[in-house]
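Examining the three-dimensional arrangement
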Amino acid sequence: MNLVFLGPPGAGKGTNASEAKNHFDIPHISTGDLFRSHIKGGTELGKQVQAILASGDLVPDSVTIAMVEDRFKQDDAKKGFILDGFPRTIAQADALSKMKNLDFVVNFVLDRDQIVARLSGRRMCKSTGRTYHILYNPPKVEGLDDETGEPLIQRDDDKPEAILNRLAVYEAQTAPLIEYYRERKLLLDIDAAPSPLEVLATLIEALKK
């Protein structure tokens, strides 16, 4: 099963990828993880990425494509994969089509209000990094960490104005990709509003068809 996962911040794409990879026994390939792995390993590609990021520039398509192509050569990716964070552009999608045939491109759909409610509800303990959600996973005492009793904070990128900005960037980048894959009859829309378990069950059922 060769899959690409698309979805806005807060749609649970990463959570679903983690569960789906276990169900289908295929690797979850995240470009963020690939960048970190190459940088940590000190590879030639990693050195390129580190230099690019240090200068504040975006990693060019050619470097990202080379990393994904390299990852496909590993044994665990021979029977399938879930791609997360790639492709981000039409050029990357064209390059991917030359490397692999896809079975489905799963588009996790969630409306703006729900995205803002999910992301703006996150709270974090600064010293431990432990995270909570005021609706879905609240601390025992409102506003305080369960173990240390420290006041919880809201990260700047979880504030509503930052979330709306991230959404605008995502929509501008991804809208062309959604149309690209819809035209090729590969797109599978999945409602991301229910609980993660329900979304996963819907996804598995839809992929059987």
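About the criteria used
- Residues numbered from 1 in each chain as written.
- Predicted model: local features only at pLDDT ≥ 70, side-chain atom pairs only at ≥ 80, totals over all residues.
- Heavy atoms only, no water.
- Helix = DSSP H or I, 4+ residues; strand = E, 2+ residues; numbered from the N terminus.
- Rg over C-alpha atoms; globule rule 2.2 N^0.38 Å.
- Contact = heavy atoms within 4.5 Å.
- Axes fitted to C-alpha atoms, helices over the stretch in contact; angles between N-to-C directions.
- Parallel < 35°, antiparallel > 145°, perpendicular 65-115°, else oblique.
- Nonpolar A, V, L, I, M, F, W, Y, C, P; charged D, E, K, R; others polar.
- Salt bridge = Lys/Arg side-chain N within 4 Å of Asp/Glu carboxyl O.
- Buried < 20%, exposed > 50% of the residue type's maximum accessible area, 1.4 Å probe, protein only.
- Pairing = 2+ DSSP bridges.
- Patch = residues over 30% accessible without salt bridge, like charges linked within 9 Å, V, L, I, M, F, W, Y side chains within 5 Å.
- Areas by Shrake-Rupley, 256 points an atom, 1.4 Å probe, with all protein chains shown as cover.
- Core = buried A, V, L, I, M, F, W, Y, C linked by side-chain atoms within 4.5 Å.
- Phe/Tyr/Trp six-rings, centres within 6.5 Å; stacked < 30°, edge-to-face > 60°.
- Polar contact = N/O pair within 3.5 Å; in protein donor to acceptor, adjacent residues only side chain to side chain.

**Here we look at the overall build of the protein chain**
Counting its regular elements, the protein chain contains 8 helices and 7 strands. Its C-alpha atoms give the protein chain a radius of gyration of 18 Å, within 12% of the compact-globule value 17 Å for 209 residues. Its C-alpha atoms give the protein chain principal-axis dimensions of about 55 × 45 × 30 Å. Intrachain contacts of the protein chain at a sequence separation of at least 6 include 66% that bridge at least 24 residues.

**So, the packing of helix 2 (residues 31-41) against helix 4 (residues 61-72)**
Where helix 2 contacts helix 4, the axes come no closer than 10 Å and their chain directions differ by 90°. The orientation of helix 2 with respect to helix 4, classified from their angle, is roughly perpendicular. Residue-level contacts link Thr-31, Leu-34, Phe-35 and His-38 of helix 2 to Thr-64, Met-67, Val-68, Asp-70 and Arg-71 of helix 4. Partitioning the contact of helix 2 with helix 4 into residue classes produces 4 nonpolar, 3 polar and 2 charged.

**Thoughts on the pattern of salt bridges**
One pass over the full model with this rule turns up 17 salt bridges. Between Lys-159 and Asp-156 there is a salt bridge whose closest N-O contact spans 3.2 Å. Connected via shared salt-bridge partners are Arg-122, Arg-155, Asp-157 and Asp-158.

**Observations concerning the pairing of strand 3 (residues 81-84)**
In strand 3, alternate side chains face the same way, and those of Phe-81 and Leu-83 on one face and Ile-82 and Asp-84 on the other are all buried. As paired elements, strand 1 (residues 2-6) and strand 3 share 4 bridges and run parallel to each other. Following the sheet pairing, Val-4 is matched in strand 3 by Leu-83. Across 3 bridges, strand 2 (residues 28-30) lies against strand 3 in parallel orientation. Within strand 3, the residue paired with His-28 across the bridge is Ile-82.

**Some thoughts on a nonpolar patch on the surface**
A contiguous nonpolar patch, built from Ile-134, Leu-135 and Tyr-136 and spanning about 350 Å² of accessible area, is present on the exposed surface. Among the structural elements, Tyr-136 can be located in the loop between strand 6 (131-133) and helix 7 (160-183). For Tyr-136, a relative accessible area of 56% corresponds to the exposed category.

**Considering unusual backbone geometry**
Between Phe-86 and Pro-87 the backbone carries a cis peptide bond, its omega angle lying at 0°. Tracing the backbone through its elements, the reader meets Pro-87 in the loop between strand 3 and helix 5 (90-99). Positive phi outside glycine occurs at Asp-25, with the angle close to 55°. In this structure, Asp-25 sits in the loop between helix 1 (13-24) and strand 2.

**Structural notes on the nonpolar core**
With 29 residues, the main nonpolar core has Leu-6, Leu-83, Leu-96, Leu-102, Val-105 and Tyr-181 as its most contacted residues. Within the residue set of this core, elements represented by two or more residues are strand 1, helix 2, helix 3 (44-54), helix 4, strand 3, helix 5 and helix 7. In this structure Leu-6 touches Lys-13, Pro-87, Val-105, Val-106, Asn-107, Phe-108, Tyr-170, Thr-174, Leu-177, Ile-178 and Leu-187, once residues within four positions along its chain are discounted.

**Re the packing of aromatic side chains**
All told, the structure shown has 3 aromatic pairs when counted by the stated rule. Here the aromatic rings of Phe-72 and Phe-81 are separated by 4.7 Å at their centres, their planes lie at 40°, and the arrangement is tilted. The class for Phe-81 is buried, based on a relative accessible area of 0%. Judged by centre distance (4.9 Å) and plane angle (85°), the rings of Tyr-180 and Tyr-181 are edge-to-face.

**Overview of helix 6 (residues 112-120)**
For helix 6, the full list of buried residues reads Ile-115, Val-116, Arg-118, Leu-119 and Ser-120. The elements touched by buried residues of helix 6 are strand 5 (122-124), strand 6 and helix 7. Taking the backbone nitrogen of Asp-113 as reference, a side-chain oxygen 3.1 Å away marks Asp-111 as the first, capping residue of helix 6.

**Observations concerning the side chain of Gln-92**
Secondary-structure assignment places Gln-92 in helix 5. Given a relative accessible area of 5%, Gln-92 falls into the buried group. Side-chain polar atoms of Gln-92 contact the backbone nitrogen of Arg-88, separated by 2.7 Å.

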